[in-house]
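# Reading the structure
Here are the chains, one letter per residue:
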Amino acid sequence: MKTVSSVRELRAAVAEARAAGKRVGLVPTMGNLHSGHAALVRRATQLADFVVASIFVNPMQFGANEDLDKYPRTLAADQETLFEAGCDLLFAPTVAEMYPRGMQGQTRVSVPGVSEGLCGGSRPGHFDGVSTVVCKLFNMALPDLAVFGEKDFQQLAVIRRMVSDLNMPIEIFGEPTVRAEDGLALSSRNGYLTAEQRAAAPRLYATLMQMAARLRDGKSDISALIRDGARQLEEAGLRPDYLEVREASNLQPATLEDRHCVILAAAYLGTTRLIDNLAVDLGDSAKS
Ligand code: PAF
């Protein structure tokens, strides 16, 4: 696996693969890779003949008081993970390569609707940063397809909408969340947790599962479900940022008539913000 840091080298390597008739897949990441990322790369190897991963800790998607500076940079270990997962090329650009004129005057991509509320509400400007950098990565690597994790459900919805609205000829694939044995969704931010916080963290997913069971039995109204779920999180020592039940396709607030819902949550343990979600398919028949 080769590592390149310039757009020129990336384009040359992709052009060579394309000239050999290969289908190109891209897996954008911010590094500090875990088995969830490895699963994205393995999926990409099933879908494409030439897999490019990118590692770029994108300053544009971090708010002023967020963890940009302390975000873990672990390039050597990440190269190992990518190589073992079957990646062909790693693109690891500098900030200057990605934003040569600085971020201030950079043209931005903004996706209305699905980027609003949830993480977009708590992290103003975050999704503009994500859609802008992903758009740039798409234009730099010119992939046929790209793979993203479903753990960042709203991010995936934003990217799908951007690709559709801007007619980008790229197929987007979502890959199921990889979890630790106790249910905690793998995340680079889990490394910030103390032992005590790590022990409490699985309660986030446990709460989503209990809410999903109640949603399926159809006896609770959605606001009661959310109120009880938030109480459960607080009792476990988590501070909910948001806990919502949304219609899966457009992320609008769900009603009991919606058949494809997703429960989305963000919660703090100390200063670490964890996110998770659980899709709930209620089938086609009306609830009794
Ligand atoms: O999910 C991430 O790691 C990032 O938001 C992404 C998609 C690589 C854009 O920086």
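What counts and how
- Throughout this description, residue numbers start from 1 for each chain and increase along the sequence as written.
- Only residues with pLDDT of at least 70 are given local features in this predicted model, and only at 80 or more are side-chain atom pairs given and counted; all residues enter the totals for whole chains, interfaces and linings.
- Where side-chain values are given, they derive from all heavy atoms of the structure, hydrogens and water being excluded.
- UniProt positions are given in the numbering used here, feature names are shortened, and annotations may be inferred rather than shown by experiment.
- By the criteria applied, helices consist of DSSP H or I runs no shorter than four residues and strands consist of E runs no shorter than two, each listed in order from the N terminus.
- Any residue under 20% of the maximum accessible area for its type is buried, any over 50% is exposed, and the rest in between are partly exposed; the area is computed with a 1.4 Å probe on protein chains only.
- The contact definition used throughout considers only heavy atoms, calling two residues in contact when any of these lie within 4.5 Å.
- Polar contact is defined as a pair of N or O atoms within 3.5 Å, subject to the rule that within protein one atom must be able to donate a hydrogen and the other to accept it, and that residues adjacent in sequence are counted only when both atoms are side-chain atoms.
- With a 1 Å grid laid over protein atoms only, a set of points is called a cavity when a 1.4 Å probe fits there but cannot get out and a pocket when it is open yet has protein on both sides within 12 Å along at least five of seven lines; lining residues have an atom within 4 Å of a point.
- Grid points are joined across faces, edges and corners, and a volume is the space filled by probe spheres set on the points.
- Residues were grouped as follows: Ala, Val, Leu, Ile, Met, Phe, Trp, Tyr, Cys and Pro as nonpolar; Asp, Glu, Lys and Arg as charged; and all remaining residues, including Gly, as polar.
- The arc in question is the one spanned by the directions pointing from the helix axis to the C-beta atoms.
- What makes a salt bridge here is a side-chain nitrogen of Lys or Arg within 4 Å of a carboxyl oxygen of Asp or Glu, nothing more.
- Here, strands pair whenever DSSP counts at least two bridges between them.
- Fitting a line to C-alpha atoms yields each axis, with helices limited to the stretch in contact; the angle taken between N-to-C directions then spans 0 to 180 degrees.
- For each residue, the test is whether any non-hydrogen atom lies within 4 Å of the molecule or strand; if one does, the residue is near.
- Here, Shrake-Rupley sampling with a 1.4 Å probe gives the accessible areas, and only protein chains in the shown set may cover a residue.

Under the UniProt annotation, "binding site: beta-alanine" (unreviewed entry) lies at Gln61. On the secondary structure map, Gln61 appears in the loop between β3 (50–55) and α3 (75–85). Note on Gln61: relative accessible area 9%, which makes it buried. If we ignore the near neighbours within four places in the chain, the residues touching Gln61 are Met30, Glu66, Arg123, His126, Gly129, Val130 and Val133. At 2.9 Å, the side chain of Gln61 and the side chain of Asn58 are in polar contact.

A few words now on the layout of surface pockets. Volume-wise, the second largest pocket comes out at about 300 Å³. Taken together, 16 residues line the second largest pocket, and the ones lying closest to its centre are Glu150, Phe153, Leu156, Asn277 and Ala279. A total of five residues in the lining of the second largest pocket trace back to one element, the largest contributor, which is helix α7 (residues 153–165). Of the residues belonging to the lining of the second largest pocket, the class tally is nine nonpolar, three polar and four charged.

Next up on the list: α3. Buried within α3 we find Asp78, Leu82 and Ala85. For α3, the arc enclosing every buried residue in end-on projection is 65°, short of the 170-degree limit, so these residues lie on one face. Along α3, exposed side chains directed more than 90 degrees from the buried face belong to Ala76, Phe83 and Glu84. Of the surrounding elements, those touching the buried residues of α3 are α2 (35–47), β3 and β4 (89–91). Downstream of α3 by one or two residues, Gly86 has phi in the positive range, about 100°.

Let us now look at the UniProt feature "binding site: (R)-pantoate" (unreviewed entry) in the chain. Here, UniProt's "binding site: (R)-pantoate" (unreviewed entry) annotation points to Gln61 and Gln155. On the basis of their most widely separated C-alpha atoms, the annotated residues across 95 residues gather in one place, lying no more than 11.4 Å apart. Relative to the helices and strands, Gln155 is located in helix α7. Assessed through its relative accessible area of 17%, Gln155 is described here as buried.

Attention now goes to the pattern of salt bridges. Going through the model one piece at a time under the given rule, you end up with eleven salt bridges. Note that Glu66 and Arg123 form a salt bridge whose closest N and O atoms lie 2.6 Å from each other. You can see Glu66 sitting in the loop between β3 and α3 and its partner Arg123 sitting in the loop between α5 (118–122) and α6 (126–141), a full 57 residues away along the chain. Among the residues examined, Arg123 registers a relative accessible area of 11% and is labelled buried. Note that Glu244 is salt-bridged to Arg246, the shortest N-O span being 3.6 Å. Given a relative accessible area of 25%, Glu244 falls into the partly exposed group. Residue Arg246 is classed as buried on the basis of its relative accessible area of 10%. Here the salt bridges share partners, and the residues they tie into one network are Arg214, Asp228 and Arg231.

Another aspect to go through is the sheet that holds strand β8 (residues 260–269). With antiparallel pairing, the three strands of this open sheet are ordered in space as β7-β8-β9. Unpaired on one side and paired on the other, β7 (239–247) and β9 (272–281) mark the two borders of the sheet. Strand-to-strand, the axes of this sheet are offset by a mean angle of 10°, without reference to chain direction. Across eight bridges, the pairing between β7 and β8 is antiparallel. Counted as the bridge partner of Arg246 is Val262 from β8. The sheet contacts of helix α9 (residues 203–217) involve β7, β8 and β9, and relative to β9 the element is tilted by about 25°.

All residues in the neighbourhood of the ligand are listed as Pro28, Thr29, Met30, Gln61, Val133, Phe148 and Gln155. Contact distances for the ligand include 2.6 Å between an oxygen atom and a side-chain N or O atom of Gln61. Measuring from an oxygen atom of the ligand, one finds a side-chain N or O atom of Gln155 at 2.7 Å. Calculation on the ligand without its partners gives an accessible area of 290 Å², and the protein chains cover 89% of this total. Classifying every residue of the shell around the ligand by side-chain character gives four nonpolar, three polar and no charged.

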